[in-house]
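Architecture at a glance
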Amino acid sequence: MTTTFPDVTISTDRLVLRPFEEEDVTALTEMMNDENVTAWTSVPHPYTQADARGWATRQSHAERTEGRGLVLAVTEFLTHRLVGIVHLQNTNWRTRSTEVGYVTAPWARGEGYASESVLAVAQWLFREQGFERLELRTPADNTASQQVAQKIGCISEGVLRNAWIVRTQTADGSWTDTRTDLIVWSLVPEDLDDAEGYGDYGDGYDAYTADTAYGQRADATGHPVGADWK
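The paragraphs below set out a description of the structure included in this document. (Residues numbered from 1 in each chain as written. Predicted model: local features only at pLDDT ≥ 70, side-chain atom pairs only at ≥ 80, totals over all residues. Heavy atoms only, no water.)

Quick look at the sheet that holds strand β5 (residues 97-104)
The condition is simple: Two strands are counted as paired when DSSP detects at least two bridges linking them. Secondary structure elements follow DSSP: runs of H or I of four or more residues count as helices, runs of E of two or more count as strands, with numbering from the N terminus. Contacts are assigned to residue pairs with any non-hydrogen atoms lying within 4.5 Å of each other. Structural elements are reduced to axes, namely lines fitted to C-alpha atoms, with helices fitted over the stretch in contact, and the angle between N-to-C directions of any two is expressed from 0 to 180 degrees.
The strand order across the open sheet built from 8 strands is β1-β2-β3-β4-β5-β6-β8-β7, with neighbouring strands paired in mixed fashion. Both outer strands of the open sheet, β1 (10-11) and β7 (155-169), are each paired with one neighbouring strand and no more. Here strand β3 (residues 70-76) pairs with strand β4 (residues 82-92) via 6 bridges, running antiparallel. Directly across from Ala73, in β4, lies its bridge partner Ile85. Packing of helix α1 (residues 25-32) onto the sheet brings it into contact with β4 and β5, and relative to β4 it is tilted by some 80°. Helix α4 (residues 113-128) rests against β1, β2 (15-18), β3, β4, β5, β6 (133-139) and β8 (175-187) of the sheet, and its axis sits at about 35° to β4.

Have a look at this one:
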């Protein structure tokens, strides 16, 4: 049984989703230091160039080669500029299911890049990799990420109470941890019929999904480096 994803590049009309490269380090550092990324994920803060280089050159590639999932840098087709990240994680090869996380750069929000890239990955998963389930988890107050889930045809399955930690910026500029619920969403192959030709690309102002672990040194999308994942 295959237990790793192929080394793949996925293209849409506007985007190219490809493995990370060392040339992405500067743009990745800038993107991951955005206050919304800090708030909704457990990435290191501040996010240094060393963090970005480790992710772009080693950790993101290990996700695939070690069978945990797949990390794709989302770039604009015309400019090659880094738009964001799509990260498949917690992959279960027996049940052919996986979880998706995504981040969009501040300058690229509102253009529909998150929904376009996640939908393209879902189509590839179901049609070419034989997967049967894609799961998303969004913090209860992250309405922009919830809009992305709804737009690509995901079904809300319920709430994991008190299951995640978000960060809130205080008056003095520091960050404090706050517990929150997670909304669980899923997409299965038959749902794609409703998502086809979703037309208008506009998302909410940003797009972030919750990560599924915290309290350890985190990778670019907030997951513990080297953790044992489902």
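What follows continues from the structure just given.
Remarks on the pattern of salt bridges
Convention followed: Any Lys or Arg side-chain nitrogen found within 4 Å of a carboxyl oxygen on Asp or Glu counts as a salt bridge. Each residue's exposure class comes from its accessible area (1.4 Å probe, protein chains only) as a fraction of the maximum for that residue type: buried when under 20%, exposed when over 50%, partly exposed otherwise.
Enumeration over the complete set of coordinates arrives at 9 salt bridges. The closest approach of N and O atoms between Asp24 and Arg18, which form a salt bridge, is 2.8 Å. In this structure, Arg109 engages Asp34 in a salt bridge whose closest nitrogen and oxygen atoms are separated by 2.6 Å. With a gap of 75 residues between them, Arg109 in the loop between β5 and α4 and Asp34 in the loop between α1 and α2 (35-40) connect regions that are remote in the sequence. Of the two residues, Arg109 and Asp34, both sit in the buried class.

What to know about α4
Which entries qualify depends on this criterion: Expected span, for any helix, means 1.5 Å times one less than how many residues it has.
Relative to the 22 Å expected for 16 residues at 1.5 Å per residue, α4 spans 22 Å between its end C-alpha atoms, a close match to the ideal helical length. Burial within α4 is extensive, with 14 of its 16 residues counted as buried.

A few points about the side chain of Thr98
The following threshold applies: Two N or O atoms count as a polar contact when they lie within 3.5 Å, although within protein this holds only if one can serve as hydrogen donor and the other as acceptor, and sequence-adjacent residues are included solely when both atoms are side-chain atoms.
Inspection of the secondary structure puts Thr98 in strand β5. Owing to a relative accessible area of 4%, Thr98 belongs among the buried residues under this scheme. At 2.8 Å, the side chain of Thr98 and the side chain of Thr91 are in polar contact. For Thr98, the contacting residues outside a window of four places in its chain are Leu88, Gln89, Asn90, Thr91, Leu125, Phe131, Arg133, Leu134 and Glu135.

What about the pairing of β6?
Within β6, 6 of the 7 residues are buried, which leaves it mostly tucked inside the rest of the structure. In this structure, β6 lies alongside β8, joined through 6 bridges in antiparallel fashion. Counted as the bridge partner of Glu135 is Ser186 from β8.

Structural notes on the packing of α1 against helix α3 (residues 49-65)
For any two helices packed against each other, one specifies the inter-axial angle together with the distance between the axes. The cut-off we apply is this: Angles are sorted into four bins: roughly parallel if under 35 degrees, roughly antiparallel if over 145, roughly perpendicular if 65 to 115, and oblique for all others. In this scheme the crossing of two helices becomes right-handed for a clockwise turn of the near helix relative to the far one and left-handed for an anticlockwise turn of less than a right angle. Under the scheme applied here, ten amino acids are nonpolar (Ala, Val, Leu, Ile, Met, Phe, Trp, Tyr, Cys and Pro), four are charged (Asp, Glu, Lys and Arg), and all others, including Gly, are polar.
Packing of α1 against α3 leaves a shortest axis separation of 9 Å and a crossing angle of 120°. It follows from the interaxial angle that α1 and α3 lie oblique. Considering only the axes of α1 and α3, their crossing is right-handed. The residues of α3 that touch α1, namely those facing Val25, Thr26, Leu28 and Thr29, are Gln49, Ala52, Arg53, Trp55 and Ala56. Looking at side-chain class alone, the contact of α1 with α3 contains 5 nonpolar, 3 polar and 1 charged residues.

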